[in-house]
Amino acid sequence: MTQVYIKEKDLPYYPNWQEIFGNSNPIYVEIGVGKGDFILEMSKNNPKANFVGVDYSREVLRSAVKKIEKAKLKNVKLIPMEGAKFLCKAFTSESIFGLYLNFPDPWIKRKTSKNRLVNEAFAWLVADRLKISGFFRMATDYKPYIEETAEFFLKTGAFAPIWNEVIRTEVEDFYPTKYAKKWLSQGLTLYFTGFKKIKRVGLQEWVKNYYPLLKISEDELLPIVNILKLNQKPDLKKLYETLPRGIIYQKDENIIKVLDVYFKDDALLVDLLVKEGILKERFFVHILPYQEDGILFTSHEATPPDPTDFVHLAFVLLCKEVLKVYPSAKILKTTCKKKFLKEISNW
């Protein structure tokens, strides 16, 4: 794969990075690439290492892509993706040599601090993804954030500080980005912390609940498909009129919500929002006639969801609504998880 930029939808679960880069060099990750100054400098100075950078903003990432392409670097890939989601989907345990996090949004206000990337669960996620002796390094201009980060990483028991001081205001090998230079030119202080992984730790269940992508195994990556035999010709207009709108399931802060239903060209599109842990997914379920007396449920190709537990449950609950209209219907095929099928007695 020669291109620098990789779309999220083109990145499979647990990709073969050796195949993507064309070599087995160690992989380092930067979350929050911004305009690409840091990852450009690191990749130029370390040609025997591979670097993968992610940033949530596609617009900001364009600048980084242009810089990497202009430098004709072959050891960098850039992906528009949220950082924690990227670590969950793109890597397995103990596969990263180092992780850089430069100037993440500190979400200073108390009401928004829960939006921070780094929290206790993130520290455990990094502990799982880093190799033994792999490192995590962070730079910020907001001291309370880095103090909290240090506490989270030390609490896991998997890390030891890289330097004698857990938090420093100067690091010799830090390449100052445009933002860092501007901050320092005003006489303001930057803060750094770094940790080396010294011990293996298992992912606790509460971490997996917080990051539901961690609960998906490789054999569960098949598309979700349900086929119902109705024993009569399906009346999609009737289903359009009877399918519920609004929240159809809620447990704590986790919800499944039907935002709307659309009827067009002898098919239905169900606009769904699934919130599970930190993950929010909005996608369409396509409901189509199947043969003469059945219907097929599948995700629309334009919005394939990650197959988390609540996405499976959403499909099952939609089938349950159809069974209210066709109570004698039977399942012909399903790839939904068995633990959710108890929601429907017919299955």
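Each chain has its residues counted from 1, following the order in which its sequence is written. Only residues with pLDDT of at least 70 get local features here, since the model is predicted, and only at 80 or more are side-chain atom pairs given and counted; chain-wide, interface and lining totals rely on the full set of residues. Calculated side-chain values reflect all of the structure's heavy atoms, with hydrogen atoms and water omitted.

## Digging into the overall build of the protein
A run of H or I in DSSP becomes a helix once it reaches four residues, and a run of E becomes a strand once it reaches two; helices and strands are each numbered from the N terminus. For the protein, the helix and strand inventory stands at eleven helices and 15 strands. For the protein, the spread of C-alpha atoms along the principal axes amounts to about 75 × 40 × 35 Å. For every residue, the accessible area (1.4 Å probe, protein chains only) is compared with the maximum for its type, and the residue is labelled buried under 20%, exposed over 50%, or partly exposed between those bounds. Out of the 347 residues in the protein, the part that is buried amounts to 50%. Contacts are assigned to residue pairs with any non-hydrogen atoms lying within 4.5 Å of each other. Pairs at least 24 residues apart make up 71% of the contacts formed inside the protein by residues separated by at least 6 positions. If you sum the accessible surface of the protein, you get close to 17,900 Å²; carbon and sulfur atoms cover 49% of it. Here the positive residues are Lys and Arg and the negative ones are Asp and Glu; neither His nor the chain ends is included. Every charge is mapped to an atom, namely NZ of Lys, CZ of Arg, CG of Asp or CD of Glu. Charge-centre separation for the protein: the mean point of 54 positive side chains lies 1 Å from the mean point of 43 negative side chains. Accessible surface area values rest on a Shrake-Rupley calculation with a 1.4 Å probe, where residue burial reflects the displayed protein chains alone.

## Description of the pattern of salt bridges
Note on definitions: salt bridges are taken to be side-chain nitrogens of Lys or Arg within 4 Å of carboxyl oxygens of Asp or Glu. All chains considered together, the criterion is met by 20 salt bridges. The shortest N-O distance in the salt bridge between Asp-293 and Lys-229 comes to 2.7 Å. Here the residue Asp-293 occupies a position in the loop between strand 13 (279-290) and strand 14 (294-299), and Lys-229 occupies one in strand 9 (residues 225-229), the gap between them amounting to 64 residues. For the salt bridge of Lys-324 with Glu-321, the shortest nitrogen-to-oxygen distance reads 3.2 Å. Pair noted here: Lys-324 and Glu-321 are both in helix 10 (residues 309-325), with a separation of three residues, about one helical turn. Assessed through its relative accessible area of 18%, Glu-321 is described here as buried. A single network of salt bridges, built from pairs that share partners, joins Lys-215, Glu-220, Glu-276, Asp-309, Lys-337 and Lys-339.

## Some thoughts on the sheet that holds strand 11 (residues 254-264)
Strand order in the open sheet formed by seven strands is 10-11-12-13-14-9-15, and the pairing between neighbours is antiparallel. In this open sheet, the two strands that pair with only one neighbour each are strand 10 (246-251) and strand 15 (330-334). Each strand of the sheet is rotated relative to its neighbour by a mean of 20 degrees, with strand direction disregarded. Only strands joined by at least two bridges in the DSSP assignment are considered to pair. The pairing of strand 10 with strand 11 spans five bridges and is antiparallel. Paired with Tyr-249 across the bridge in strand 11 is Ile-256. Between N-to-C directions, angles span 0 to 180 degrees; the directions come from axes that are lines fitted to C-alpha atoms, helices contributing only their stretch in contact. Lying over the sheet, helix 10 contacts strand 9, strand 10, strand 11, strand 12 (267-276), strand 13 and strand 14, oriented at roughly 140 degrees with respect to strand 12.

## Describing the packing of aromatic side chains
Aromatic pairing here means that ring centres of Phe, Tyr or Trp (its six-membered ring) are within 6.5 Å. Orientation follows from the plane angle: under 30 degrees is stacked, over 60 is edge-to-face, and everything else is tilted. Across all of its chains, the model carries 23 aromatic pairs by this definition. An angle of 70 degrees between the planes, with centres 5.7 Å apart, marks the rings of Tyr-13 and Tyr-14 as edge-to-face. Classification of Tyr-13 by relative accessible area gives buried; the value is 15%. Measuring from ring centre to ring centre gives 6.4 Å for Phe-283 and Phe-315, while their planes differ by 10 degrees; the resulting arrangement is stacked. Placement of the pair is Phe-283 in strand 13 and Phe-315 in helix 10, with a sequence separation of 32 residues. With respect to burial, Phe-283 and Phe-315 carry one shared label: buried. Taken together, Tyr-28, Phe-38, Phe-51, Phe-97, Tyr-100, Phe-103, Phe-135, Phe-174 and Phe-192 form an aromatic cluster joined through their ring pairs. A ring is scored as having a charge over it whenever the NZ atom of a lysine or the CZ atom of an arginine sits within 6 Å of its centre and within 35 degrees of its normal. Its end group placed over the ring of Tyr-13, Lys-89 keeps NZ or CZ at 4.7 Å from the ring centre. When the ring centre of Tyr-240 is taken as origin, the NZ or CZ atom of Arg-245, which lies over that ring, is 5.0 Å away.

## Examining the nonpolar core
Trp-17, Phe-86, Leu-87, Phe-122 and Phe-136 are the most contacted members of the largest nonpolar core, which has 51 residues in total. Top element by residues in this core is helix 5 (residues 120-129). It accounts for seven residues. Leave out the neighbours within four places in its chain, and Phe-86 touches Leu-11, Trp-17, Val-29, Val-52, Val-54, Ile-79, Met-81 and Phe-91. In this structure, Ile-224, Phe-310, Ala-314 and Leu-341 belong to the second largest nonpolar core, which totals 35 residues. In this description, a nonpolar core means a group of buried Ala, Val, Leu, Ile, Met, Phe, Trp, Tyr and Cys residues linked to one another through side-chain atoms lying within 4.5 Å.

## Quick notes on the layout of surface pockets
Cavity means a closed set of points on a 1 Å grid over the protein atoms alone, one where a 1.4 Å probe fits but cannot get out, pocket means an open set with protein on both sides within 12 Å along at least 5 of 7 lines, and lining means a residue has an atom within 4 Å of a point. Grid points are joined across faces, edges and corners, and a volume is the space filled by probe spheres set on the points. Approximately 760 Å³ is the volume attributed to the second largest pocket. Along the walls of the second largest pocket sit 27 residues, with Lys-89, Thr-303, Pro-304, Pro-305 and Asp-306 positioned nearest its centre. Contributions of two or more residues to the lining of the second largest pocket are made by helix 4 (83-90) and strand 13. Of the residues that constitute the lining of the second largest pocket, the class distribution is 14 nonpolar, two polar and eleven charged. Charged residues are taken to be Asp, Glu, Lys and Arg, nonpolar residues to be Ala, Val, Leu, Ile, Met, Phe, Trp, Tyr, Cys and Pro, and polar residues to be all remaining types, Gly included.

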